[in-house]
Amino acid sequence: LRVKRIALRVAGVACVVVAAVWLKVALEARAEVAAGAAAETAGDRELALTHYRRAVHWYAPFSGAVARAVVAISGMARAAEAAGDRVFALDAWRDLRSSLYAIRHVFIPYEAELRASEERIAALLSVAPPTIAEDQKRSPAMRSADALALLRRDNAPAVGWSLVLLFGFAVWIGGVFWFILRAIRDDETLDLRRAAVSGATVVVVFALWILGLRMV
């Protein structure tokens, strides 16, 4: 019962900490969105874009403020394109893309918006006057396809091998502590059975960790 009470207290404290962090992040995102909207109303697009970008970086799951910031940046980029302002539109799409990649974790939040931003960046780059002789021989559609392929090249670590890496490291450390606490008796003699089990565990998971480092 004592262990159960301790476990419940630890879980309760953890829940409170997580909730406090989520609330802090959500409030910061909301404040940045409000500042961005105010700057946009005042006609300062650059400042508005800065605040909206910061709002996206304050990402938390189920945060409505982040969703509004993503919509706002997309809207500003499309409005700039419609007005013929290719430079600002390109800046806005690039800011959106980099911000969404910055909050990527196991999955990519707002992936549809991310892919749309890449398509628009590629399209805008393709209509710029080519500066390389080889590009001058290619059509805008071909240059756009090349730019899009480059933008979508994913050099991120593999999620599966990253999990293997973390698992191997955690179990490796746990095996070392288990050896120290359980394989060594109070009289400082060695429990051979426990020492063999913990030692084998450490060796195996250490090898798993090394494999994860090489494959990630």
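Look a little higher up for the structure.
Scoring rules and cut-offs
Residues numbered from 1 in each chain as written. Predicted model: local features only at pLDDT ≥ 70, side-chain atom pairs only at ≥ 80, totals over all residues. Heavy atoms only, no water. Helix = DSSP H or I, 4+ residues; strand = E, 2+ residues; numbered from the N terminus. Phe/Tyr/Trp six-rings, centres within 6.5 Å; stacked < 30°, edge-to-face > 60°. Lys NZ or Arg CZ within 6 Å of the ring centre and 35° of its normal. Axes fitted to C-alpha atoms, helices over the stretch in contact; angles between N-to-C directions. Parallel < 35°, antiparallel > 145°, perpendicular 65-115°, else oblique. Left-handed = near helix turned anticlockwise from the far one by under 90°. Contact = heavy atoms within 4.5 Å. Nonpolar A, V, L, I, M, F, W, Y, C, P; charged D, E, K, R; others polar. Core = buried A, V, L, I, M, F, W, Y, C linked by side-chain atoms within 4.5 Å. Buried < 20%, exposed > 50% of the residue type's maximum accessible area, 1.4 Å probe, protein only.

Undergrad: Please set out the environment of Ala83 residue by residue, giving values where relevant.
TA: As for its placement among the helices and strands, Ala83 is situated in the loop between α3 (64-82) and α4 (86-102). Sequence separation between Ala83 and Ala147 is 64 residues, and the spatial gap between their C-alpha atoms is 23 Å.

Undergrad: Account for the packing of aromatic side chains, naming residues and giving values.
TA: Per the stated rule, a full pass over the model turns up zero aromatic pairs. A cation over an aromatic ring shows up here: Arg45 above the ring of Phe88, its NZ or CZ 4.0 Å from the ring centre.

Undergrad: Tell me about the packing of α3 against helix α5 (residues 111-126), residues and numbers included.
TA: For the pair α3 and α5, the least separation of the axes is 12 Å and the interaxial angle reads 20°. Regarding the angle of α3 to α5, the classification is roughly parallel. Remark: the crossing between α3 and α5 carries left-handed chirality. Residues Val70, Arg78 and Glu81 of α3 touch α5, and the partners they reach there are Glu113, Ala116, Arg120 and Leu124. Of the residues assigned to the contact of α3 with α5, the class counts are three nonpolar, no polar and four charged.

Undergrad: Before we move on, could you go through the nonpolar core and cite the residues and values that matter?
TA: Of all hydrophobic cores here, the largest spans 32 residues; its most connected members are Tyr52, Val56, Ile73 and Leu100. Every element with two or more residues in this core is listed here: α1 (2-41), α2 (45-57), α3, α4, α5 and α7 (140-151).

Undergrad: Requested: an account of the packing of α2 against α4, with residues and values cited.
TA: When two helices pack together, their arrangement is given by the angle between their axes and by how far apart the axes lie. Packing of α2 against α4 leaves a shortest axis separation of 9 Å and a crossing angle of 15°. Taken together, the axes of α2 and α4 lie roughly parallel to each other. The chirality of how α2 crosses α4 is right-handed. Here Arg45, Glu46, Leu49, Arg53, Val56 and His57 of α2 lie close against α4, whose contacting residues are Phe88, Asp91, Ala92, Asp95, Ser99, Leu100 and Ala102. In the contact of α2 with α4, the residues fall into six nonpolar, two polar and five charged.

Undergrad: Which residues make up unusual backbone geometry, and what are the values?
TA: Phi angles above zero are rare outside glycine, and Phe62 is one such case at about 65°. Mapped onto the elements of the fold, Phe62 is located in the loop between α2 and α3. A positive phi angle, close to 55°, is found at Tyr110, a residue other than glycine. Looking at the secondary structure, you find Tyr110 in the loop between α4 and α5. Given the relative accessible area of 23%, Tyr110 is considered partly exposed.

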